[in-house]
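Spelled out from the first residue to the last, the chains are:
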Number of protein chains: 4
Amino acid sequence: MENRNNNALIQTLLDCALACEYCASSCLQEDDVKMMADCIKLDRDCSDICMLAARLLQRDSNIARQYLLLCEEICRACAAECAKHEHEHCKQCAEACQKCAEACHANHGDIQQD
Amino acid sequence: MENRNNNALIQTLLDCALACEYCASSCLQEDDVKMMADCIKLDRDCSDICMLAARLLQRDSNIARQYLLLCEEICRACAAECAKHEHEHCKQCAEACQKCAEACHANHGDIQQD
Amino acid sequence: MENRNNNALIQTLLDCALACEYCASSCLQEDDVKMMADCIKLDRDCSDICMLAARLLQRDSNIARQYLLLCEEICRACAAECAKHEHEHCKQCAEACQKCAEACHANHGDIQQD
Amino acid sequence: MENRNNNALIQTLLDCALACEYCASSCLQEDDVKMMADCIKLDRDCSDICMLAARLLQRDSNIARQYLLLCEEICRACAAECAKHEHEHCKQCAEACQKCAEACHANHGDIQQD
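Per chain, residue numbering runs from 1 following the sequence as it is written. Going through the entries in the order they are written, you letter the chains from A and number the ligands from 1. Residue-level local features of this predicted model are given only where pLDDT is at least 70; pairs of side-chain atoms are given and counted only at 80 or more, and the full residue set underlies all totals for whole chains, interfaces and linings. The side-chain figures draw on all heavy atoms in the structure; neither hydrogens nor water molecules are used.

### Brief notes about the pattern of salt bridges
Here's step 1: The term salt bridge refers to a pairing of a side-chain nitrogen on Lys or Arg with a carboxyl oxygen on Asp or Glu at a separation within 4 Å. This model, assessed by the stated rule, comprises 36 salt bridges over all chains.
Here's step 2: The partner of D:Arg55 in a salt bridge is A:Glu21, with the nearest N and O atoms 2.9 Å apart. Placement of D:Arg55 in helix α2 (residues 37-58) and of A:Glu21 in helix α1 (residues 7-27) is noted, with the two residues assigned to different chains.
Here's step 3: C:Arg59 serves as the salt-bridge partner of B:Glu21, at 2.8 Å between the closest nitrogen and oxygen. Secondary structure elements are taken from DSSP: a helix is a run of H or I of four residues or more, a strand is a run of E of two residues or more, and numbering for both begins at the N terminus.

Laid out in structure tokens, this is it:
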């Protein structure tokens, strides 16, 4: 089954989603929540989209590879926003999003070969 | 099919989820975001849980009725928090959550008869 | 708020997702489930993607319009598969998917103007 | 943060969801799909519910512990159905669901202490 080869990518997507969930709820507990509003907004979208990407890959969906194009984009946007902040949860999230964007990029290049 | 009878309940669940999505993103744009942190947190959970409840009902899941018990609880919690704030999106959300809690309550009473 | 103008599109997305949920669970109860395997597979993906599209629009996500491109594609694929079958739930689902694909197409044309 | 202690539980929930996704799509490719209809149905519900449970825990939701009660129940139901079949994906899914049910059970016992 194709998804056997996708295990690393799927785990990267889940790790990114979890980092976004943690970052969003941590941002809501910061003193200056207003400064974190864009971060929370992007964390939500990124978590939702990465989670669904992982599931589409795991079920060998025909649209999974194409979904990764979109996933890469939201990961890059979320990484860029998180990188603006000094909080440890933002730094970790920026790193997880960056890693995930690269993993998505490396894999949606396979679309033509499918 | 059972879900034919559930159409009103399903739409109430979806309306509640949409009100929560709108309230959360509107709260993030308010001047005093910090005061809205709990509201945003509950909006997220309530939206996620109501959306899944609607889907479980629509697919005639065996666990749907039981899921409504939990759904009622998060709706009551979210309604109580939203009711503390004067923003129009909070008032609308409190109303949608209250209506949804009552609809969930009226329907999970059917569990024994299933 | 932008999503006020998106109400019709959001409801079309939710209706499509509900039609897919109903079609998938109905297919699983048909005598010849094997013939319905592709339909069930596409129903799942289409429901997941349309539901998330509706939520992204409702929360005014920056990526929502772009998400509609993908959404249109899975709706067209699901509509084409459902149209092959005579079951009433397949016909209704094909119609909901077709309508949703057209609504997505009409709206993601606005991406450049955002 | 509480979710630091929940890492093992969260990964167990995600592993269970992934096993369910894989089992459902594999069931759809079996020769006798009809025999697998209940398995596919439960796999879907179990995957959806476990995925959301993982996210609620990761974001330190107040309702997370209570959600685990429901999660345990769907995991037990899915494990019981999967255990009826000889397919390798069903066996693996039964095992993942059983492990997850036990992890949920061990953790929702903490509700009173929260």
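### Focus on the relation of the copies chain B and chain C
Here the second copy of the chain follows from the first by a rotation about an axis and a shift along it.
Here's step 1: When chain B is fitted onto chain C, the two copies agree to an RMSD of 0.0 Å after a turn of 180 degrees and an axial shift of 0.0 Å. In symmetry terms, the pair is related by a two-fold rotation axis.
Here's step 2: Both copies contact each other with a shared surface, as 100% of the interface residues of chain B are interface residues in chain C too. The atoms used to superpose the copies are C-alpha atoms, taken from residues with pLDDT of at least 70 in both, and the fit is least squares. Between two residues, a contact is recorded if the distance between any of their heavy atoms is within 4.5 Å.

### Overview of the relation of the copies chain C and chain A
Here's step 1: Expressed as a screw operation, the relation of chain C to chain A combines 0.0 Å of axial shift with a rotation of 180 degrees, fitting to an RMSD of 0.0 Å.
Here's step 2: Here 100% of the interface residues in chain C have copies in chain A that are interface residues too; the copies meet face to matching face.

### A look at the state of the cysteines
Here's step 1: Any pair of cysteine sulfurs within 2.5 Å is marked as a disulfide. This model, assessed by the stated rule, comprises zero disulfides over all chains.
Here's step 2: With no disulfide of its own, B:Cys104 lies 4.0 Å from the sulfur of B:Cys71, the closest cysteine sulfur.
Here's step 3: You can see D:Cys50 has no disulfide; the closest cysteine sulfur is in D:Cys75, sitting 3.6 Å from it.
Here's step 4: The class for D:Cys50 is buried, based on a relative accessible area of 0%. Partly exposed describes any residue whose relative accessible area lies between the buried limit of under 20% and the exposed limit of over 50%, with all areas from a 1.4 Å probe on protein chains only and scaled to the type maximum.

### Describing helix α4 (residues 88-108) of chain D
Residues and elements named next belong to chain D.
Here's step 1: The end-to-end C-alpha distance of α4 is 30 Å, a good match for the 30 Å that 21 residues give at a rise of 1.5 Å each.
Here's step 2: Three or more residues of α4 are buried, namely His89, Cys90, Cys93, Ala94, Ala96, Cys97, Cys100, Ala101, Ala103, Cys104, Asn107 and His108.
Here's step 3: Looking at the buried residues of α4, the elements they touch are α1 (7-27), α2 and α3 (64-82). What a helix is expected to span follows from its residue count: subtract one and scale by 1.5 Å.

### Some words on the interface of chain B and chain C
Here's step 1: Chain B puts 19 residues into the contact, and the matching count from chain C is 19 residues.
Here's step 2: Overall, the association of chain B and chain C removes approximately 1900 Å² of surface from exposure, summing both partners, and the carbon and sulfur fraction of that is 53%.
Here's step 3: At the boundary of chain B with chain C, the tally comes to six salt bridges.
Here's step 4: Pairing of N or O atoms within 3.5 Å defines a polar contact, subject to two protein rules: one partner must be a possible hydrogen donor and the other a possible acceptor, and residues neighboring in sequence count only if both atoms are side-chain atoms. Joining chain B to chain C, the criterion identifies 11 residue pairs in polar contact (both at pLDDT 80 or more).
Here's step 5: Those elements giving two or more residues to the side of chain B that touches chain C turn out to be α1 (7-27) and α2 (37-58) of chain B.
Here's step 6: Sorting elements by how many residues they give to the side of chain B that touches chain C places α1(B) first, with nine residues. Joining two parts hides part of their accessible area as seen by a 1.4 Å probe, and the buried area is that hidden amount summed over both.

### Looking at the interface of chain C and chain A
Here's step 1: Taken residue by residue, the interface counts 16 residues in chain C and 16 residues in chain A.
Here's step 2: Carbon and sulfur atoms supply 53% of the area that chain C and chain A bury against each other, a total of about 1700 Å² over both sides.
Here's step 3: A per-residue breakdown of the area chain C buries against chain A is headed by C:Arg59, C:Ile63 and C:Leu70, which together make up 32% of the total.
Here's step 4: Counting every contact that joins chain C to chain A gives four salt bridges.

### A short note on the side chain of C:His89
Residues and elements named next belong to chain C.
Here's step 1: For histidine 89, the location among the structural elements is in helix α4 (residues 88-108).
Here's step 2: A relative accessible area of 9% places histidine 89 in the buried class.
Here's step 3: Of the polar contacts made by the side chain of histidine 89, one reaches the side chain of glutamate 30; its length is 2.8 Å.
Here's step 4: Among all residues touching histidine 89, those that are not within four sequence positions of it are Tyr22, Cys23, Ser26, Cys27 and Glu30.

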